[in-house]
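These are the residues of each chain, in order.
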Amino acid sequence: MQWRTPFQTALSDSGPFPAPLALGLQGGGAYGAFSWGVVDRLLEEDQLPIGAISGASAGAMNAVATAWGYLEGGRDGARAALRQLWEQVGKLSAFNPLSLPGADMQFDLMTRVLSPYQFNPLNLNPLRDLLAGMIDFERLRANCPLPLFIATTHVPKGEVRVFREHELSLDVLMASACIPYLQQAVEIDGEPYWDGGFSANPPLLPMVMETECRSLLVVKLTPDEEPGAPTAAQDIFARLKRILFNAPLLREMEAIAEMRLSMNVAGRLPSHLTRLRDLDVQTLAIDSDFFASRSALDPKPELLERLFEAGCNAANGLILKACNG
């Protein structure tokens, strides 16, 4: 399928990346505010058309909020929708019991003994109410301004299922962000789904194969490297979770690299394979300092703003480097 969306109104090579640009947004709870900053800065570049967005968990939230805001009010509308999402998430933190001293350790112990079916039998989730009040999913399904690739994990098979923009619903978005030790599985068409980060974080191959993107920017909510080996139990568990959630991305990045390498040694290629061979691939990763004493499950407004600024600065540095290169 060939796409030409409102995001692609100024196709040009005069911008910092070959256009159109595909965005892959990793999941990572509150650290998704870093991706918010990156996307916000990219939306300031009028000559940079965004051709598609893929996401899992918090990355899916950012992807859908961007598309919804753009449908409502163009680039400024997308930026406003992202800010609205994260400001509301920050307000929810006022009612977050994990903000109390020592609560994170107690909660960690509780979730190893009790399941969300036991400690939250009514399946209450304030984030669901927030998104339901913010986004008209029926309208977005019918008029989505760009291709979306939203990752979920099909629980019975343990496989990724990628939902497209015409399949979007509140349940799909909640499934993409369903952490199984915190929330009950989300049922879609009678099948249970968990967080997409377990199986595709984010899904890249479908996006680069099914759209005409000429650049791919992956925004990572896991650092490229973290010093040393943790020794405290909580730190070990947190590092292990980041490694596990980063593994699907590493596999997809390696697959894309191998595909491009094999195309380099091939003879004359059809146009769609030439595009893949010449695909400009870049990554932006969050700094490991953010993981020193913060929790992805405790999105305080001050943390979200710091992450937002860090994302803006990282994207700005990448743009300046590309323009000067």
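Residues numbered from 1 in each chain as written. Predicted model: local features only at pLDDT ≥ 70, side-chain atom pairs only at ≥ 80, totals over all residues. Heavy atoms only, no water.

Draft legend 1. Broad picture of the packing of helix 2 (residues 58–92) against helix 5 (residues 126–134). The geometry of helix 2 relative to helix 5 is characterised by a closest axis approach of 11 Å and an angle of 155° between their N-to-C directions. If you check the angle between helix 2 and helix 5, you find them roughly antiparallel. As for the relative orientation of helix 2 and helix 5, their crossing is right-handed in sense. Within the contact between the two elements, helix 2 uses Met61, Ala65, Trp68, Ala81, Gln84, Leu85, Gln88, Val89 and Leu92 and helix 5 uses Pro126, Leu127, Leu130, Leu131 and Met134. A breakdown of the residues in the contact of helix 2 with helix 5 according to their chemical character gives twelve nonpolar, two polar and no charged. (Axes fitted to C-alpha atoms, helices over the stretch in contact; angles between N-to-C directions. Helix = DSSP H or I, 4+ residues; strand = E, 2+ residues; numbered from the N terminus. Parallel < 35°, antiparallel > 145°, perpendicular 65-115°, else oblique. Left-handed = near helix turned anticlockwise from the far one by under 90°. Contact = heavy atoms within 4.5 Å. Nonpolar A, V, L, I, M, F, W, Y, C, P; charged D, E, K, R; others polar.)

Draft legend 2. Layout of the packing of aromatic side chains. In this structure the tally under the stated criterion is four aromatic pairs. Aromatic side chains Phe163 and Tyr193 sit 5.8 Å apart centroid to centroid with 70° between the ring planes, which places their arrangement in the edge-to-face category. Placement of Phe163 in strand 4 (residues 159–164) and of Tyr193 in strand 6 (residues 191–195) is noted, with a sequence separation of 30 residues between them. Neither residue differs from the other here; Phe163 and Tyr193 are each classed as buried. Above the ring of Phe149, the side-chain terminus of Arg164 is found at 3.9 Å from the ring centroid. Directly above the ring of Phe291 sits Arg242, whose terminal nitrogen or CZ lies 4.2 Å from the centroid. (Phe/Tyr/Trp six-rings, centres within 6.5 Å; stacked < 30°, edge-to-face > 60°. Buried < 20%, exposed > 50% of the residue type's maximum accessible area, 1.4 Å probe, protein only. Lys NZ or Arg CZ within 6 Å of the ring centre and 35° of its normal.)

Draft legend 3. Spotlight on the pattern of salt bridges. The full count for this structure, using the stated rule, is 15 salt bridges. Glu167 is the partner of Arg161 in a salt bridge, and the nearest nitrogen-oxygen pair spans 3.5 Å. Judged by relative accessible area, Glu167 falls into the partly exposed class, the value being 28%. Linking Arg242 and Glu226 is a salt bridge whose minimum nitrogen-to-oxygen distance equals 2.8 Å. Of this pair, Arg242 sits in helix 9 (residues 233–264) while Glu226 sits in the loop between strand 7 (215–220) and helix 9, and the two are 16 residues apart along the sequence. (Salt bridge = Lys/Arg side-chain N within 4 Å of Asp/Glu carboxyl O.)

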